[in-house]
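# Breakdown of the fold
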Amino acid sequence: EGLGQFHSELADGASQLPHYDEADRAALSESVASPIAKDTQLHGLATVSIAALLAVSALWLGSALAYAFAQPVPSDLVSSSRSSVALWARTLGLPAAIGAGAGLLLGLVVGVVLSLPAGRTMGAAAVLALTGVSFTLVNHALAAWLGNAGRGAAGLLLVATIAFGLTSRVPGWLVGAAGVSPLHNGLMLIRTLLAGGSGLVALAGMALLLGVIALGLSYLAIASRRSLTGRQFRRRVSSGADA
């Protein structure tokens, strides 16, 4: 009796199963496959974001460390007979060259890792090289004008940008500060370039504007200190007499 009931219920269940024709089966196969394509796309975007974050953070950290060990303002600034441009170039020359070379190398490495087309790889290398020079100008200006406070600000910008790159849960005031951060702008520019996204022209224009401002502040940190005030002169004379 139990086997008979089981057979009867099984027959009733089989009659209620849906039947799909060829067109229905094709539509269902596409619907089932689409989440896999989306997951692959999300995985690719995550890889691009991490690569951009690592490259930009490395460039910023390198330029910040350069002026943690080297003097941003030459010690012979007042006594030197060389022009302000020459002294400024001497202060920036090696760190800027290292930043450009590191950016070029990172761009090529990122392009190979992400399997980007040759044109986009060369574009990323060129933009990262310019970004390395821009970051050198920014960190020189921070260290020259603010000293250790400027170096601390550079460190805070790096921490905030890494937080932005890894999570969207950040305080509201950091969101506003990110709009004028050269580091955050550089991250968005590189990430958009690597992903082939839109808005690249606006980001590049903002990066150019911030770079020009950094260049001006960096140069003024040297040129505006070629002369001494009366108090500074007396202090130097007294310190020399004590020595």
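Described below are features of the structure shown in this document. Counting from 1, residues in each chain are numbered in the order their sequence is written. Whole-chain, interface and lining totals are the exception, using all residues; otherwise, since this is a predicted model, local features are given only for residues with pLDDT of at least 70 and side-chain atom pairs are given and counted only at 80 or more. Working from all heavy atoms in the structure, the side-chain values ignore hydrogens and water.

A few words now on the environment of S80. Assignment of secondary structure puts S80 in the loop between α2 (22-69) and α3 (84-113). Under the scheme applied here, a residue whose accessible area is under 20% of the maximum for its type counts as buried, over 50% as exposed, and between as partly exposed, the area being computed with a 1.4 Å probe on protein chains only. Residue S80 is classed as buried on the basis of its relative accessible area of 13%. Sequence spacing of S80 and R226 is 146 residues, and the spatial spacing of their C-alpha atoms is 8.9 Å. Once residues within four sequence positions are removed from consideration, S80 is found in contact with L87 and R226. For helices the rule is a DSSP run of H or I covering at least 4 residues; for strands it is a run of E covering at least 2, with both sets numbered from the N terminus onward. Throughout, a contact is declared for two residues whenever any of their heavy atoms are within 4.5 Å.

Bringing the packing of aromatic side chains into the picture now. Here a ring pair, both rings aromatic, is described through the centre-centre distance and the interplanar angle of the planes. Aromatic pairs are defined between Phe, Tyr and Trp rings, using the six-membered ring for Trp, whenever the two ring centres lie within 6.5 Å; interplanar angles under 30 degrees are classed as stacked, those over 60 as edge-to-face, and all others as tilted. Within this structure, the stated rule accounts for 2 aromatic pairs. Between the aromatic rings of W60 and F135, the centroid separation amounts to 5.0 Å while the plane-to-plane angle is 80°, which identifies the pairing as edge-to-face. One end of the pair, W60, is in helix α2; the other, F135, is in helix α4 (residues 118-146), with 75 residues separating them in the sequence. Taking the relative accessible area as the measure of exposure, F135 reaches 2% and is therefore buried. Taking 5.7 Å as the distance between ring centres and 90° as the angle between the ring planes, the aromatic pair formed by W88 and Y219 counts as edge-to-face. Of the two residues, W88 sits in helix α3 while Y219 sits in helix α8 (residues 200-223), which places them 131 residues apart along the sequence. By the criterion adopted, a ring carries a charge over it if an Arg CZ or a Lys NZ lies within 6 Å of its centre and within 35 degrees of its normal. Over the ring of W145 we find R225, and its NZ or CZ is 5.0 Å from the ring centre.

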